[in-house]
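One letter stands for each residue in the lines below.
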Amino acid sequence: DQQVKQNSPSLSVQEGRISILNCDYTNSMFDYFLWYKKYPAEGPTFLISISSIKDKNEDGRFTVFLNKSAKHLSLHIVPSQPGDSAVYFCAASPNTGNQFYFGTGTSLTVIP
Amino acid sequence: GAVVSQHPSWVICKSGTSVKIECRSLDFQATTMFWYRQFPKQSLMLMATSNEGSKATYEQGVEKDKFLINHASLTLSTLTVTSAHPEDSSFYICSARSGTGGVDTQYFGPGTRLTVL
């Protein structure tokens, strides 16, 4: 049972434009959400997180939005750069420290 | 940032043999380590959570006798795939969390590609 879903397996964006990656979840117990970036044959690298008490968190070019009522979060990258090309996973946790549940990933390609 | 290593990075074995994968936190003490499995084009599936000095907690559907986890020290956890079969072929990733870190201070290893012939 996939509790965290990323319905777009791939996304292509022109350099300089905005990239929007979406993620939906089903478990209302999730209260902490994260985005990870992953290159082939490497482990995921933490990108940005958001707690359920917030609806927005911004870090440089990356902003995560959380809509709890819709059980939806999104990652905005602006402006997009070719080095952002990677697979992005969203993850959710039902508590403050333990297991993550990952989405299936979205492969982002930023075209120069 | 913190570094987590895995060894080996790639292993090929015959069906029926056992394979051990090591996960080490190189510059911090990891009170908790996690093991994930990733199938091609699928998400990372949490297999088990291990705390140093205690038995691992396995996720539903993961056979604990098949995937033996030992968290013997604060810097080392091992995953042993016993009597491996071709369906066990996958990408195995560990992550480590320090005792003082929050959810987002979970650091991932580079992964181990297991191919069972």
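None of the values given here were measured: they were computed from a predicted structure.

Reading the values: the criteria
The written sequence of each chain sets the order in which its residues are numbered from 1. Labels are handed out in written order, letters beginning with A for the chains and numbers beginning with 1 for the ligands. With the structure being a predicted model, the display of local features is reserved for residues of pLDDT at least 70 and the display and counting of side-chain atom pairs for 80 or more, all residues being used for whole-chain, interface and lining totals. Side-chain metrics rest on all non-hydrogen atoms present in the structure, leaving aside hydrogens and water. Any Lys or Arg side-chain nitrogen found within 4 Å of a carboxyl oxygen on Asp or Glu counts as a salt bridge. For the purposes of this entry, the term helix denotes a DSSP run of H or I that reaches at least four residues, the term strand denotes a run of E that reaches at least two, and both are numbered from the N terminus. For the exposure calls, accessible area comes from a 1.4 Å probe over protein chains only, and a residue counts as buried if that area is under 20% of its type's maximum, exposed if over 50%, partly exposed in between. The contact definition used throughout considers only heavy atoms, calling two residues in contact when any of these lie within 4.5 Å. Two parts placed together each lose some accessible area; with a 1.4 Å probe, that loss summed over both constitutes the buried area. N or O atoms closer than or at 3.5 Å make up a polar contact, with two conditions inside protein: a donor-capable atom paired with an acceptor-capable one, and, for residues adjacent in sequence, both atoms drawn from side chains. For this scheme, ten residues count as nonpolar: Ala, Val, Leu, Ile, Met, Phe, Trp, Tyr, Cys and Pro. Four count as charged, namely Asp, Glu, Lys and Arg, and the remainder, Gly too, count as polar. Patches draw on residues past 30% relative accessible area with no salt bridge. Two like charges within 9 Å are joined, as are two nonpolar side chains (Val, Leu, Ile, Met, Phe, Trp, Tyr) within 5 Å. Each accessible area value is a Shrake-Rupley result obtained with a 1.4 Å probe; residue values ignore everything except the protein chains displayed when judging cover. Pairs of strands are assigned from DSSP output, requiring at least two bridges between the strands.

K.L.:
Any chance you could explain the pattern of salt bridges here in plain terms?
P.N.:
All names here are of chain B. According to the stated counting rule, one finds 3 salt bridges over all chains in the structure shown. For D88, the salt bridge is made with K66, and the minimal N-O distance between the two is 2.7 Å. Taken together, the positions of D88 in the loop between strand 8 (76-81) and strand 9 (90-98) and K66 in the loop between strand 6 (57-58) and strand 7 (67-73) put the pair 22 residues apart, joining distant regions of the chain. Residues D88 and K66 agree in their burial class; the two are buried.

K.L.:
Help me understand the interface of chain B and chain A in this model?
P.N.:
It is common to give the size of an interface as the accessible area lost on bringing the parts into contact. With 19 residues of chain B at the interface, the matching set in chain A holds 23 residues. When the two sides are added together, the surface that chain B and chain A hide from each other amounts to roughly 1600 Å², 62% of it contributed by carbon and sulfur. Viewed at the interface, chain A and chain B are joined by 0 salt bridges. Counting across the chain B and chain A interface gives 2 residue pairs in polar contact (both at pLDDT 80 or more). Those elements that provide at least two residues to the side of chain B that touches chain A are strand 4 (30-38), strand 5 (44-51), strand 9 and strand 10 (106-108) of chain B. In terms of residue count, the dominant contributor to the side of chain B that touches chain A is strand 4 of chain B (4 residues). Split into classes, the residues belonging to the side of chain B that touches chain A amount to 9 nonpolar, 6 polar and 4 charged.

K.L.:
Would you mind showing me how to read a nonpolar patch on the surface here?
P.N.:
A contiguous nonpolar surface patch, about 220 Å² in accessible area, is contributed by I18, I20 and V78 of chain A. In this fold, I20 of chain A is placed in strand 3 (residues 19-25).

K.L.:
Can you help me understand the pairing of strand 9 of chain B in this one?
P.N.:
In regular strands, side chains alternate between the two faces of the sheet. Residue and element names in this part refer to chain B. Among the 9 residues that make up strand 9, 9 are buried, leaving the element largely enclosed by the rest of the structure. Residues of strand 9 alternate between two faces, with S90, Y92, C94, A96 and S98 on one and F91, I93, S95 and R97 on the opposite face, all of them buried. With 8 bridges connecting them, strand 4 and strand 9 associate as antiparallel partners. In the strand pairing of strand 9, F34 is matched with S95. Inspection of the sheet shows strand 9 paired to strand 11 (residues 112-116) by 3 bridges, in the antiparallel sense. By the bridge assignment for strand 11, F91 is matched with R113. Bridge count between strand 9 and strand 10: 3 bridges; the pairing is antiparallel. The residue bridging A96 from the neighbouring strand is Y107, located in strand 10.

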